[in-house]
Each structure stands twice: as C-alpha cells, then as structure tokens.
Amino acid sequence: MKKHNFNAGPSILPRIAIENSAKAILDLNGSGLSLLEISHRHKDFQAIIDEAMALMKELMNIPDGYRVLFLGGGASTQFVMVPYNLLQTKAAYLETGAWAKKAIKEAKIFGQVDVVGSSADKNFSYIPKGYTIPSDADYFHITTNNTIFGTEIKYDMDSPVQLVADMSSDILSRPTDVSKYALIYGGAQKNLGPAGVTFVIIREDILGKVDRKIPSMLDYKIHINDGSMYNTPPCFAIFTCLETMRWIKGLGGVPVVHAMNMKKANLLYDAIDNSKMFVGTVAKEDRSLMNICFVMKEQYKDKEDAFMEFAKGKGMVGIKGHRSVGGFRASTYNALPLDSVQALIDCMHEFEKDNL
Ligand SMILES: *Cc1c(COP(=O)(O)O)cnc(C)c1O
C-alpha cells in the first residue's frame, strides 16, 4: 500500500533526494568510494558543501554580507549559540510554543529576557499581536513556524532591533526577505534534509559585540572563518540537503514550492472547515502552511482513536497530533505531494459518511 507520510520531523523528503543520497552512499561520483568514507577535506566533499551554501544563497536570495553555515547540534544548540554570541544585556522573545519556550529558557542563562508577547493563555493557538519590541534589546527572537501547535508567522516583520528567527519547520517553504533578519537558523530535519545538520544564515556584522568569552564550537565567527569546517561537518546530511535544494531549483524555485504549499494547505483547511466532524485548532489568520492541526468536535471526541486506525489502514502515516494539542496533525512539508493531501481528505470524508 502507498504510504502518505505526514510525519512532523524527521519527515518526508523528495524521493529523488533520497535516491541520489543512496547512490552517493554506495559510490560518490564514480569514485569507487562512499560519501560516508571520504574526508570532509576531499575536493568532492568541498564541492558538495560549496554548492549547498551557494544554492541556499540563490534559492533564498540572500544578500551580500550574510554567510551560510551547516553545523551540528540541532536547532536546540542554536537556542544557546544565539544568546551566547548576541545577548549583551537584554533580549526580546516572542513566546509562541514549546520551541520558543526552550529558546527563552536558554537565553535567560545569559541575560535579561523580555517575553514581549505570549499565546500561552490559549495553548499557543494563535500568534500574539500588538506587542512592543523594546528598542534597547540586543535582538528580537521569533519562531516563524510552530511545528507542534500549527501556527505560523507567514510574513517578514519589521523589527526595531536585530531579528533572529527559528525557521526549522518552514525554511524554503515561502519566499523570505532575508534582509529583514540578522540571523535565521533551524534543524534541517523538517523541511530540508535528514536529522543531524543545522542551517544558519547569519549577517556577519552582528558578531563581535558581546564581552564574554565564547567556546570555539559555539562561536559563529570561528565557524564562519573555517567555512563551516572548524570541525567535521555532518557530511552525509549536508549532501541530502543539497539534493533537496537541487530539487527545489528544478521545480522553479521557492515561489513555485510556495504555490504548491498554499494549494495543499488550502485544500486541507477547506476540508476541515467544511466538515461536520473535524475542527481546526488554530486562529484562521495564523494557520501554518506546514503543520495542519485539527481535532474532532466535542460530540465526536470518542471517535478520534477509531479515525486514527481507519486512516492508518488507508496508508496515512504520522497524523497523530502532538500530546500537548491532541487530535491530529498533518505536516504538509515541501516534499509532500498533493495527492497525499487528497488521500487524507478522502479518508476523512469516508469516515464521516460512516460515522456521523
Ligand atoms: C524540531 C524543532 C526544533 C528542535 O530541533 P532540534 O534539531 O531537534 O534541536 C526547534 N524549533 C522548531 C521550530 C522545531 O520544529
């Protein structure tokens, strides 16, 4: 049976990226060696990381003055690196979910943290609005897409201070005006590649302004100076990211992928809104294009387990909602085909027909 992969992360990747990664594991460029068993200093790997950096710049229209890094440690290490490198006295954070909370917790180790807005009062089902970003903050940190709760800041905001964004789960999903951000980071394993690599897009001039000593592995400057090879980078994961970006370029770039993402998300949100049985959990204007959260209406709550079983039988994978929201979450990342969304909708309709 065909599987429809709605996993939240690690998650679906373009089939071609997986096939080419498998080939490179067996034999890289006809060299007789596996990608897994060559030096990161080998010219063939240098070409891979160079192209990955260049493609990220090209696909995201990254202006001059920015650098692209591929590091280890996950987005969670960026929760530490950001304040380590940028927080001198005070930082502002927007509390939009579990990942934002973790970022805030780490920042508090380094200085004063102003949580300027929070949607904790309604289980993070909306993006806070009307808050004020203090102009004396060293930076303002946002999570553009809240993977667990299904909300998204779908525009590039103006900030009076340096804007830092965790884009783990919506990187390359929509055109982004990188010039509005001082730093963008994320774990690759949601929308870009396999687990194990973290992307960082950083404007170089923001560095060198804090007094504290920074351990080498946590110092952006060190990684920049060594071309993201201060230590052994996650070579294999970087290769798969490159393959994903080649796939995006082949489709026509980020605007094309964005149009596909909107089509998929609109289709599913419409089905939820028109359903007698299911209901969305998120304020409509803040709905994520990447993680679509829904539950069963109160009178049908007891049917959630049955739907899960039914959907599983139809090849749906990974639609169980995060425990902090319950119900269902369909992650509709770049690589998820439209027919998987249609299959899920068909599945919902069929279940409703038999259970209403
Ligand atoms: C998954 C996720 C993280 C955590 O990423 P790790 O690479 O596991 O550390 C952080 N932020 C967001 C928005 C995520 O979706």
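Quick caveat, the model's predicted, so the values are computed rather than measured.

Visitor: An account of the overall build of the chain is requested, with residue identities and associated values reported.
Guide: Counting secondary structure elements, the chain contains nine helices and 14 strands. For the chain, the C-alpha radius of gyration of 21 Å lies close to 21 Å, the compact-globule estimate for 356 residues. Principal-axis analysis of the C-alpha atoms gives the chain an extent of 60 × 55 × 30 Å. Taking all 356 residues of the chain together, 55% fall into the buried category. Charged side chains in the chain number 40 positive and 40 negative. The centres of these two groups are separated by 2 Å.

Visitor: Help me get a handle on the packing of helix H7 (residues 254–273) against helix H9 (residues 338–355), residues and values and all.
Guide: Two numbers describe how H7 lies on H9: the axes approach to 9 Å, and their chain directions differ by 5°. In terms of their interaxial angle, H7 and H9 are classed as roughly parallel. Within the contact between the two elements, H7 uses Lys263, Lys264, Leu267, Leu268, Ala271 and Ile272 and H9 uses Leu338, Val341, Gln342, Leu344, Ile345 and Met348. Among the residues forming the contact of H7 with H9, the class breakdown is nine nonpolar, one polar and two charged.

Visitor: Which residues make up a nonpolar patch on the surface, and what are the values?
Guide: The grouping of Leu251, Val256 and Met260 at the surface amounts to a nonpolar patch, some 190 Å² of accessible area in total. On the secondary structure map, Val256 appears in helix H7.

Visitor: Before we move on, can you summarise the nonpolar core with the specific residues and values?
Guide: Burial of nonpolar side chains together is a common tendency in soluble globular proteins. Residues Met56, Phe70, Leu172, Ile201 and Phe307 are the most contacted members of the largest nonpolar core, which totals 85 residues. Counting contributing residues, this core receives three or more from each of domain 1 (15–251) and domain 2 (253–355). The residues contacting Phe70, other than those within four sequence positions of it, are Ile49, Ala52, Met53, Met56, Val197, Thr198, Phe199, Ser228, Pro233, Pro234, Ile238 and Met245.

Visitor: Can you lay out unusual backbone geometry for me, pointing to particular residues and giving the numbers?
Guide: Across the junction of Gly9 and Pro10, the peptide omega takes the value -10°, indicating a cis bond. Looking at the secondary structure, you find Pro10 in the loop between strand E1 (4–5) and helix H1 (15–26). With a phi close to 55°, Phe124 is a non-glycine residue in the positive phi region. Structurally, Phe124 can be placed in the loop between strand E4 (112–118) and strand E5 (140–143). Positive phi is not limited to glycine here, since Ser228 has a value of about 65°. With respect to the element layout, Ser228 can be found in the loop between helix H5 (220–225) and helix H6 (235–251). Given a relative accessible area of 2%, Ser228 falls into the buried group.

Visitor: Can you explain the pairing of strand E3 (residues 90–95)? Please cite residues and give values.
Guide: For E3, the tally of buried residues reaches six of six residues, placing the bulk of the element in the interior. Side-chain alternation along E3 places Lys90, Ala92 and Leu94 on one buried face and Ala91, Tyr93 and Glu95 on a second face that is also buried. With six bridges joining them, E3 and E4 adopt parallel strand pairing. In the sheet register, Ala92 faces E4, and the bridge partner there is Asp114. Once you follow E3 into helix H4 (residues 98–107) and on to E4, the crossover reads as right-handed.

Visitor: Could you give an account of the site of the ligand, naming the residues involved and the relevant values?
Guide: Inspection of the region around the ligand gives 13 residues, with Ser76, Thr147, Asp166, Gln189 and Lys190 positioned closest. Within the side chain of Asp166, one N or O atom sits 2.6 Å away from a nitrogen atom of the ligand. One of the side-chain N or O atoms of Lys190 is found 2.5 Å from an oxygen atom in the ligand. Burial of the ligand by the protein chains amounts to 88% of its free accessible area of 390 Å².

Visitor: Give me the domain arrangement of the chain: which residues, what numbers.
Guide: Under the domain assignment, the chain is made up of domain 1 (15–251) and domain 2 (253–355). Measuring from the centre of the C-alpha atoms in domain 1 to the corresponding centre in domain 2 gives 27 Å. The interface is formed by 27 residues belonging to domain 1 together with 27 residues belonging to domain 2. Here domain 1 meets domain 2 over a buried area of about 2,200 Å², counting both sides, of which 55% is carbon and sulfur. Seen at the junction of domain 1 and domain 2, the total is two salt bridges.

Visitor: Explain helix H2 (residues 43–59) residue by residue, including any values.
Guide: Two residues of an α-helix separated by three or four positions point the same way, owing to the 3.6 residues in each turn. For H2, with 17 residues, the first-to-last C-alpha span of 24 Å sits near the 24 Å given by 1.5 Å per residue. Listed as buried for H2 are Asp44, Phe45, Ile48, Ile49, Ala52, Met53, Leu55, Met56 and Leu59. Against the buried residues of H2 lie strand E2 (66–71), strand E10 (198–203), H6 and H7. Downstream of H2 by one or two residues, Asn61 has phi in the positive range, about 55°.

Visitor: Describe in detail the sheet that holds strand E12 (residues 291–296), supporting the description with residues and values.
Guide: Spatially, the three strands line up as an open sheet ordered E11-E12-E14, and their pairing is antiparallel. Two strands bound the open sheet, and with one partner strand each, they are strand E11 (278–280) and strand E14 (328–331). Across this sheet, the average inter-strand angle for adjacent strands is 35°, counted without regard to direction. In this structure, E12 lies alongside E14, joined through four bridges in antiparallel fashion. The residue bridging Ile292 from the neighbouring strand is Ala330, located in E14. Those strands touched by H7 are E11, E12 and E14, and its axis lies near 10° from that of E12.

What counts, and at which threshold
Residues numbered from 1 in each chain as written. Predicted model: local features only at pLDDT ≥ 70, side-chain atom pairs only at ≥ 80, totals over all residues. Heavy atoms only, no water. Helix = DSSP H or I, 4+ residues; strand = E, 2+ residues; numbered from the N terminus. Rg over C-alpha atoms; globule rule 2.2 N^0.38 Å. Buried < 20%, exposed > 50% of the residue type's maximum accessible area, 1.4 Å probe, protein only. Lys, Arg positive; Asp, Glu negative; His and termini not counted. Charge placed at Lys NZ, Arg CZ, Asp CG, Glu CD. Axes fitted to C-alpha atoms, helices over the stretch in contact; angles between N-to-C directions. Parallel < 35°, antiparallel > 145°, perpendicular 65-115°, else oblique. Contact = heavy atoms within 4.5 Å. Nonpolar A, V, L, I, M, F, W, Y, C, P; charged D, E, K, R; others polar. Patch = residues over 30% accessible without salt bridge, like charges linked within 9 Å, V, L, I, M, F, W, Y side chains within 5 Å. Areas by Shrake-Rupley, 256 points an atom, 1.4 Å probe, with all protein chains shown as cover. Salt bridge = Lys/Arg side-chain N within 4 Å of Asp/Glu carboxyl O. Core = buried A, V, L, I, M, F, W, Y, C linked by side-chain atoms within 4.5 Å. Domains from an automatic or database assignment. Pairing = 2+ DSSP bridges. Right-handed = clockwise from strand over helix to strand, strands pointing away. Near = heavy atom within 4 Å. Polar contact = N/O pair within 3.5 Å; in protein donor to acceptor, adjacent residues only side chain to side chain. Buried area = accessible area lost by both parts, 1.4 Å probe. Expected span 1.5 Å × (residues − 1).

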